[in-house]
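Architecture at a glance
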Amino acid sequence: MQSKHRIFAEDLLLAAEGEDHFDRVPDSLVLLIFNKLADARSLGRCSAVSRRFNALVPLVDDACLRIDRVIPADGGDALGGPRPRAVLSHLLKVMLQAVLKPFAHCDAKSAAAAHKHGQEGQHHHHHSPAQVLKNFSSIRNLRMELPVSDVGTDDGVVLKWKAVFGSTLQSCVILGGTKVDRAAAAAGAGPHASSAPRADAGDAAGGPDHSGSIPESFYTNGGLKLRVVWTISSLIAAATRHYLLREIVKEHPTLEQVALTDANGQGTLSMGRDQLREFRDKPLAAAAAAAANRTQVPACNMKLRYAPLLELSDGTRIHGATLVVIKPVGDSPGGGRKELDEFVAGAFDGPFREAVAALSKRRTYLLEMNGF
């Protein structure tokens, strides 16, 4: 009877003679590992390991691409294109430009390094997301992550949004607050409007209206204008992300789910199987605003709900809590009221989900917005 040491030595000898035990792992299991890995750049490195890996990597179902750097857009506008027209007054346009950050993405490793190379007269080549993903021929689920949030906000302000697009906007939900306190609130506090709200800049001062009405001061001290800026800014951010996806969606007919988010978790653009099919069937709808580097936003109806102070069960306190639900005017393939309610209820996680549920019980105010 051979000892274990002798058997182990024979195994090493066989391996030294050219037998690779990893070849015994079936392709289906290797693909499962690659799908768990998901990261597009890591998968690209794996494809360089061997011919087998090189053949298997393009067959993954799931991929995640993290974009490392934002390059300031050319031109005078913050988005690298014309400002929205026929939407806001000139004053509001100036405010909008101030809160939006330059939006142009690529996947370079270091902005400082690129600037240094530029000073030295060297050319720094970047790869677009479409170029990084071009060898992945079977992607079904794609998640892309931008390095920063698209909409600039003041310190302490919370702004979250989620939008669903087909060939154009189908639905959008925005949750905002002028200040968030994560310290413990009053014992036993639940998701309701406080009886002693704090007056913050841009919000209504004084006691709340328990009927759900928005105080008159909300309209006169800039509260409503601030919410309009949040709404327009979020829609432009979503429309810009949607426009950036046009080449990727065109080159990857196997896609069934796409999510384009950011590292700070501010906003998410989502497209499912039906939305992707519509996007492919109506490509001109996405390219109509090419000069602005974003998809055109149609005329929309908006439902606004507001609470001067919202206290949640985990102690989170949201000052000036606002929920805006947006739907294009007229018929839309995005589903009916039940589907919209489900989308809004599940748009955010954690305490923000509870905030949405609490605000959904508040009085609704209807607004209209022209397309831009």
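Residue positions are given per chain, counting from 1 as you read along its sequence in written order. Residues qualify for local features only when their pLDDT is at least 70, as the model is predicted, and side-chain atom pairs are given and counted only at 80 or more; totals for whole chains, interfaces and linings, by contrast, use all residues. As a rule here, side-chain values cover all heavy atoms of the structure and leave hydrogens and water aside.

1. Let's talk about the packing of aromatic side chains
Under the pairing criterion, centres of Phe, Tyr and Trp rings, with the six-membered ring standing for Trp, must be within 6.5 Å; the plane angle then separates stacked pairs below 30 degrees from edge-to-face pairs above 60, leaving the rest tilted. For the structure shown, the criterion picks out one aromatic pair. Considering the side-chain rings of Phe 34 and Phe 53, the 5.2 Å spacing of their centres and the 85 degrees angle between planes classify their relative orientation as edge-to-face. Taken as a pair, Phe 34 in helix 2 (residues 27-37) and Phe 53 in helix 4 (residues 51-56) lie far apart in primary sequence, 19 residues in all. Here Phe 34 and Phe 53 have matching classes, each one buried. In this structure, Arg 246 packs its charged tip against the face of Tyr 243, placed 3.8 Å from the ring centre. Put simply, DSSP marks the helices as runs of H or I at least four residues long and the strands as runs of E at least two long, and each gets a number from the N terminus on. Working definition: with a 1.4 Å probe on protein chains only, accessible area under 20% of the residue-type maximum means buried, over 50% means exposed, and in between means partly exposed. In our convention, an over-ring charge means Lys NZ or Arg CZ found within 6 Å of a ring centre and within 35 degrees of that ring's normal.

2. Thoughts on the side chain of Thr 231
Mapped onto the elements of the fold, Thr 231 is located in helix 9 (residues 223-244). A relative accessible area of 4% means that Thr 231 is categorised as buried. Here Thr 231 is in contact with Ile 174, Met 302, Val 324 and Ile 326, once residues within four sequence places are set aside. In what follows, residue pairs with any heavy atoms lying within 4.5 Å of each other are defined as contacts.

3. Section: the UniProt feature "domain: F-box" (unreviewed entry) in the protein
Taking the numbering used here, the UniProt-annotated feature "domain: F-box" (unreviewed entry) corresponds to residues 23-57. Across residues 23-57, the secondary structure splits into 69% helix and 0% strand, with the terminal C-alpha atoms separated by 16 Å. UniProt positions are given in the numbering used here, feature names are shortened, and annotations may be inferred rather than shown by experiment.

4. What about a nonpolar patch on the surface?
Note that patches include only residues with greater than 30% relative accessible area and no salt bridge, and the join distances are 9 Å for like charges and 5 Å for nonpolar side chains (Val, Leu, Ile, Met, Phe, Trp, Tyr). Calculation of accessible area relied on Shrake-Rupley with a 1.4 Å probe; when residues are assessed, cover is drawn exclusively from the protein chains displayed. For this document, the term salt bridge refers to a Lys or Arg side-chain nitrogen within 4 Å of an Asp or Glu carboxyl oxygen. On the surface, Leu 29, Leu 32 and Ile 33 cluster together into a nonpolar patch covering about 260 Å² of accessible area. For Leu 29, the position within the fold is in helix 2.

5. Here we look at helix 13 (residues 337-345)
For the α-helix, the turn length of 3.6 residues means that residues three or four positions removed from each other point alike. Every buried residue belonging to helix 13 is among Leu 340, Phe 343 and Val 344, and all of these are buried. Projection of helix 13 onto a plane perpendicular to its axis shows the buried side chains occupying an angular sector of 95 degrees, all on one side. For helix 13, exposure combined with an orientation more than 90 degrees from the buried face picks out Lys 338 and Glu 342. Taken together, the buried residues of helix 13 touch strand 5 (158-165), strand 6 (169-177), strand 12 (317-328) and helix 14 (351-359). Think of it as the arc spanned by the lines of direction from the helix axis to the C-beta atoms.

6. A few points about the environment of Leu 304
Here Leu 304 lies in strand 11 (residues 300-311). Once the C-alpha coordinates of Leu 304 and Ile 174 are considered, the two residues, 130 residues apart in sequence, prove to be 9.5 Å apart.

7. Topic: unusual backbone geometry
Although it is not a glycine, Ala 38 sits at a positive phi angle of roughly 65 degrees. With respect to the helices and strands, Ala 38 occurs in the loop between helix 2 and helix 3 (40-46).

8. Some thoughts on the pattern of salt bridges
If you walk through the whole model with that rule in mind, you get ten salt bridges. Arg 66 is the salt-bridge partner of Asp 39, the closest N and O atoms lying 3.4 Å from each other. A residue pair is termed long-range when its members are at least 10 positions apart, and Asp 39 in the loop between helix 2 and helix 3 and Arg 66 in strand 1 (residues 62-66) qualify at 27 residues. Look at Asp 39 and you get buried, because its relative accessible area is 14%. For Arg 277, the salt bridge identified is with Asp 274, shortest N-O distance 3.1 Å. With a gap of three residues between them, Arg 277 and Asp 274 both fall in helix 11 (residues 273-281), about one helical turn apart. The class of Arg 277 is partly exposed, set by a relative accessible area of 42%. One network of salt bridges, with partners in common, ties together Asp 150, Arg 241 and Asp 262.

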